[in-house]
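The chain contents come next:
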Amino acid sequence: MGWGAQVVTASEGPAARTGDGGATAGDGTNGAAGRGRARGPRRALTRVLREAPAPLALIAMIGLAGVVLGRVYAGALLTLLVLGAAAGSVLISVAARRLPSWLVAPVSVLAMAAWTAWSLWFTAGRAGLPGGLAEVGADAAANGIPRLLTAMIPVEPTPDTVLVPLVATWLAGLTAAEVALRAGRRLAGYLPPALLYVAALYVVGPNADPAIGPTLAFVAVAVLGLAVPAGRAATAGADPAADLAAGLTPAVRAAVRARTAAASAAGLAVVVGLAALLGPLVAGQVDGRPVDPRRYVEPPRVETLDENPLIRISGWALNPRQQLLDVRTYRSGGPVTAPEPGAAPAPGGADPPVPIRLAVLSDYDGVTWRVGATYRNAGRILPATAPAPDSTVETVRQEITVAGLSGRLLPAVATPREVTGARVAYDPSTGTLIRPEGLVPGLRYTVSSALESPDGNLLGTADVPAGEEVARVLRVADGVPEPVRRLAAQLAESNGAPYARAAAVEQFLAEHYRLVADAPSGHAYPNLGFFLFGPRDAGGQRGTSEQFAAAFAVLGRLTGLPTRVVVGFRAAGDGPVRAGDAYAWPEVLFEGLGWVPFDPLPRPDEEPRPVEEDFRPAPDDPPPSEVPEPTVEPTATPEPVAGPGGPAGGGGPSRALLVGGGTGGMLLLVVAALLVLLLMRRALTRGRLERGDPGQRIAGAWREVTDALRLAGRPVRGDLSATEVAVHARRAVAEARAGTAGHPAGGGDLEAGVDELAGLLNQTAFAPGTASAQQAARAATTAGDYVAALRAARPWWRRLLWSVRPGPLRWPR
């Protein structure tokens, strides 16, 4: 029919009909044409109104998916962008309905590209991201899905967090419009919006309240869209089923109606059966917790130096003039003036300098302090945490330019609230920031922080929290040296209040130990034991802030205090921050006051007192007993007795010859067996590392590492993943080195190599055939270095037996 009404002229005969009724030829050709032209706009408007509900229903259903997803975004911008994409995709299909179907998709995709580009440009400018549209768009396309699923909630609308929803929305609208409007299959056309809505619910997961209202609205819109008759049928004024039945005989019409009724009854029965079957299952999931898809996506990871920046203190101390940052700080009263040299954060101070925090280390396993953070991609505005009730909050803004600082950790005053100029990931539990792309010289960013200052007058009576919430910062790893445990008990026995215990530990460390710049790095239990009780003439009782902070945190936990270690820099006013400004300090958590910093470092003008004046550890081995042990007198060798066949010494080879020959033969057999085992072991190693494709050689290198752990008495459980096995392997070699006299824990390159080997193993498992020969060669080198390091830490007699133990030959492969 078209959008206009059909004009009926007199040439069609006296019985010709128009839209109003029967008009004869006597009405005249001009009159019929005039009435046709008058009714044309009305019919066009009527047809538009009758056809509008279908596209409007599609737009509303797709827009409701944006409403659901927008609940985990900051503000309503994402919902508006999704609604614009829904309207654009559907209306373009409506406007291009007279074009060939193969031409509609390219036109719609071009419009999608334009809308998406504008959205990326707008959100990038709103978030203050550097770079042009092409750079921002390429980064968003490469990282859109992982950043969306690892972003911190509420998610800020940035190019990488809006790209995927916009593209998915537009494609769903295009598909739904073509199927529902062009093909006329309205129910099938509702499938793309329904899938998009389900996907939005899945992405939100348990991170928002149940979407009851949007879901009911979605169902209502779908029902209304189906209830409105199709535009073309309404315009024709005919019922196709009735027209079909009108041309059939009564018998055939009865058969058609019976078949239609049977089909309707069968469909109703299926619907009722599905409702009865799935209803209880769906009802049981109403109060259940949805699955969070974020648990399947690994957040940004950091290297060893960023996971434990405490080991960088000694290196920075040896190169104190290296410039790491350039800082300009603004507080409530304006720019910060330079504090006195050597100042450090102390509880209750009047106006301490502002320490710039690099990382917070809460986890300690007896070998290494670690951040243990779960970083989530964040926008400019970071989630706010409630400050401690009995503390004052001051806003501090810093403009920081990176100079020589490397890694991914992003320095900021505690606790950051807003970051501009850099894309960041954030861990709310520790307040640690990282830049996933890594720091580069010249990077400039601005960070605003909420600096909390506890009320020093309440510290004396403040208690410390307990329970599962603080179990992480109260945990004491196994293997505490007995002298360290006895020192903690001595410091706590005369100090009942938590603050008194913390002050006693702080005072003991400050009065008995010397701060030096050339002390070796290390804070495992053996290192701390040597720092606390080692002889001064051998390098004991001296260390960097690494040992002071780690010793305070361990002693504090042994006395029941929740502690952690913080690594950062002294901000000496405006200007450069150098490597010599880096230091570590401990913090204690008090109820109502939050985390309070302590300063266990000695004063520059004070000479440390010997530890033996206030504490004398018990010797490791008890003195030998004064009661002499009974002496066993040797007994006389009995004379040989003659046997039945004659005298004892008569005939045949002598006893000495027999014993010597037998012993020599056994020795030769043992040597031959050991040589065979050695050759078989070496052949096994060569076969693993040199034969097969790169994937097989990488797997063989991994078997070398796991066999070495088993030979060292640290077998790997079968339920561990490759990443968990790598953590176990790093810990095993670190503990083995720490337990070797004179060899503190270390080996960052080896630990990084083990992590890389685990990654290569995962690559060969999940992407077969992608490993290269160079990667296989690196895997073999890493395995050899790790086996050698683990073997070198064993006693000498175990090193001799290492290569001839038959275990790897028979262990399952």
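If you're wondering where the values come from, they're calculated on a predicted model, not measured in any experiment.

Counting secondary structure elements, the chain contains 25 helices and 17 strands. Expressed as a percentage of the 813 residues in the chain, the buried residues total 42%. The long-range share in the chain, meaning contacts at least 24 apart out of those at least 6 apart in sequence, stands at 77%. When the accessible surface of the chain is summed, it comes to about 41,700 Å², and 61% of that surface belongs to carbon and sulfur atoms.

With that out of the way, let us pick up the sheet that holds strand 17 (residues 594–597). Spatially, the four strands line up as an open sheet ordered 3-14-16-17, and their pairing is antiparallel. What marks the edges here is a single partner per strand, and that holds for strand 3 (355–361) and strand 17. Ignoring which end each strand starts from, the neighbouring axes of this sheet average 40 degrees apart. Where strand 3 meets strand 14 (residues 563–570), six bridges bridge the pair, whose relative direction is antiparallel. Across the sheet, Arg-357 pairs through a bridge with Gly-568, a residue of strand 14. Packed onto the sheet, helix 18 (residues 545–558) meets strand 14 and strand 16 (582–590) and runs at close to 15 degrees relative to strand 16.

The pLDDT averaged across the chain works out to 80; a share of 79% of its residues lies at or above 70. Note that residues 620–651 has pLDDT below 50 and, in this model, four contacts with residues that lie over four places away or in other chains. For residues 741–746, every residue scores under 50 in pLDDT, and the model assigns this stretch 13 contacts once sequence neighbours within four places are set aside.

Turning our eyes to something else, we now look at the sheet that holds strand 9 (residues 424–427). Taken in spatial order, the three strands line up as 6-9-10 in an open sheet, and their pairing is antiparallel. Unpaired on one side and paired on the other, strand 6 (376–378) and strand 10 (432–434) mark the two borders of the sheet. Going across the sheet, the axis of each strand differs from the next one's by a mean of 40 degrees, ignoring polarity. In the sheet, strand 9 pairs with strand 10 via three bridges, with the strands oriented antiparallel. The partner of Asp-427 across the bridge, within strand 10, is Thr-432.

Okay, the packing of helix 5 (residues 133–150) against helix 6 (residues 159–182) next. Remark: helix 5 packs on helix 6, axes separated minimally by 7 Å, with the N-to-C direction vectors making an angle of 80 degrees. When the axis of helix 5 is compared with that of helix 6, the two are roughly perpendicular. Here Val-136, Ala-140, Ala-141, Gly-144, Ile-145, Arg-147 and Leu-148 of helix 5 lie close against helix 6, whose contacting residues are Pro-159, Asp-160, Thr-161, Leu-163, Val-164 and Pro-165. Each residue belonging to the contact of helix 5 with helix 6 can be placed in one class, and the counts come to nine nonpolar, two polar and two charged.

On to empty space enclosed by the protein. Using the criterion set out here, one finds four cavities of 30 Å³ or more in the structure. Glu-156, Thr-158, Ala-378, Gly-379 and Arg-423 are, among the 21 residues lining the largest cavity, the residues nearest its centre. Looking at the lining of the largest cavity, the elements with two or more residues in it are helix 6, strand 6 and strand 8 (416–420).

For residues besides glycine, phi is generally negative; the peptide bonds are generally trans as well. The peptide bond linking Ala-414 to Thr-415 adopts the cis configuration, its omega dihedral lying at -5 degrees. The topology assignment puts Thr-415 in the loop between strand 7 (391–402) and strand 8. Of note in the backbone geometry, Gln-541 takes a positive phi value of approximately 60 degrees without being a glycine. Mapped onto the elements of the fold, Gln-541 is located in the loop between helix 17 (525–533) and strand 13 (542–543).

Applying the stated criterion to the full structure yields 26 salt bridges. Here Glu-437 ties to Arg-147 by a salt bridge, and the two come within 3.2 Å at their closest N and O atoms. One end of the pair, Glu-437, is in the loop between strand 10 and strand 11 (444–454); the other, Arg-147, is in helix 5, and 290 residues separate them in sequence. The exposure class assigned to Glu-437 is partly exposed, which follows from its relative accessible area of 39%. Note on Arg-147: relative accessible area 10%, which makes it buried. Measuring nitrogen to oxygen at the nearest pair gives 2.6 Å for the salt bridge that ties Glu-607 to Arg-514. Note that Glu-607 is positioned in the loop between strand 17 and helix 19 (655–690) and Arg-514 in strand 12 (residues 514–515), a separation of 93 residues in sequence. Given the relative accessible area of 56%, Glu-607 is considered exposed. Judged by its relative accessible area of 34%, Arg-514 falls in the partly exposed class.

Scoring rules and cut-offs
Residues numbered from 1 in each chain as written. Predicted model: local features only at pLDDT ≥ 70, side-chain atom pairs only at ≥ 80, totals over all residues. Heavy atoms only, no water. Helix = DSSP H or I, 4+ residues; strand = E, 2+ residues; numbered from the N terminus. Buried < 20%, exposed > 50% of the residue type's maximum accessible area, 1.4 Å probe, protein only. Contact = heavy atoms within 4.5 Å. Areas by Shrake-Rupley, 256 points an atom, 1.4 Å probe, with all protein chains shown as cover. Pairing = 2+ DSSP bridges. Axes fitted to C-alpha atoms, helices over the stretch in contact; angles between N-to-C directions. pLDDT = per-residue confidence, 0-100. Parallel < 35°, antiparallel > 145°, perpendicular 65-115°, else oblique. Nonpolar A, V, L, I, M, F, W, Y, C, P; charged D, E, K, R; others polar. 1 Å grid on protein atoms, 1.4 Å probe; cavity = no way out; pocket = protein on both sides within 12 Å on 5 of 7 lines; lining within 4 Å. Points joined across faces, edges and corners; volume = space filled by probe spheres on them. Salt bridge = Lys/Arg side-chain N within 4 Å of Asp/Glu carboxyl O.

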